[in-house]
Amino acid sequence: MKKLLVGATVLATLTLGACAHNQHSDNYSALVEEAKAKQAISEENQNVWKQKKMKKPYVEHYLEEAEKARLESVRLAKEAVRSADAQIAQTKEAQDLTPGWYQSK
């Protein structure tokens, strides 16, 4: 029963986390689209901010940095899932083992 409860808790946590991630990514894509649309308006008005030494305008630079961070967060989330799977597999594998010092009667 305890294992079932723990399994249900883990499943619920992962499900809620996935829902939160989907809402976050929708918000992210909306922000990116808004920034691109406003940058297009700025380009039409020929008023694009850029430092002399920068190769790209600020908006494009920040969008690239945001995309790198998003890809990194996806990679780390996949790594977290792999670790969680390994923990569950280890628990299932070791559930029938008994310590050597345990004396059964």
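Our structure is the block above this text.
Keep in mind the model is a prediction, meaning the values are calculated, not measured. (Residues numbered from 1 in each chain as written. Predicted model: local features only at pLDDT ≥ 70, side-chain atom pairs only at ≥ 80, totals over all residues. Heavy atoms only, no water.)

**Describing the overall build of the protein chain**
Thought 1: Along its length, the protein chain carries two helices and zero strands.
Thought 2: Taking all 105 residues of the protein chain together, 5% fall into the buried category.
Thought 3: Counting only carbon and sulfur atoms, one obtains 59% of the accessible surface of the protein chain, whose full area is about 9700 Å². (Helix = DSSP H or I, 4+ residues; strand = E, 2+ residues; numbered from the N terminus. Buried < 20%, exposed > 50% of the residue type's maximum accessible area, 1.4 Å probe, protein only. Areas by Shrake-Rupley, 256 points an atom, 1.4 Å probe, with all protein chains shown as cover.)

**Thoughts on the pattern of salt bridges**
Thought 1: What the rule picks out here adds up to six salt bridges.
Thought 2: Between Glu 34 and Lys 38 there is a salt bridge; the shortest N-O distance is 2.8 Å. Highlighted residues: Glu 34 and Lys 38, both in helix α1 (residues 2–44), separated by four residues, approximately one helical turn.
Thought 3: Judged by relative accessible area, which is 40%, Glu 34 ranks as partly exposed.
Thought 4: Close ionic contact of Lys 56 with Glu 64 constitutes a salt bridge, the shortest N to O distance being 2.2 Å. (Salt bridge = Lys/Arg side-chain N within 4 Å of Asp/Glu carboxyl O.)

**Side note on the side chain of Gln 39**
Thought 1: Mapped onto the fold, Gln 39 is located in helix α1.
Thought 2: If we ignore the near neighbours within four places in the chain, the residues touching Gln 39 are Val 48, Pro 57, Val 59 and Glu 60. (Contact = heavy atoms within 4.5 Å.)

**Observations concerning the packing of aromatic side chains**
The description of two aromatic rings rests on the distance between their centres and on the angle between their planes.
Thought 1: According to the stated counting rule, one finds one aromatic pair in the structure shown.
Thought 2: Centre to centre, the rings of Tyr 58 and Tyr 62 are 6.1 Å apart; their planes meet at 25 degrees, and the pair counts as stacked. Here the residue Tyr 58 and the residue Tyr 62 both occupy positions in helix α2 (residues 58–94), the gap between them amounting to four residues, near one helical turn.
Thought 3: Using a relative accessible area of 24% as the deciding quantity, one classes Tyr 58 as partly exposed. (Phe/Tyr/Trp six-rings, centres within 6.5 Å; stacked < 30°, edge-to-face > 60°.)

**Notes on unusual backbone geometry**
Thought 1: Its identity is not glycine, yet Gln 46 carries a phi of approximately 55 degrees, on the positive side.
Thought 2: Its place among the elements puts Gln 46 in the loop between α1 and α2.
Thought 3: A relative accessible area of 74% means that Gln 46 is categorised as exposed.

In short, shape yes, function no, at least from these values alone.
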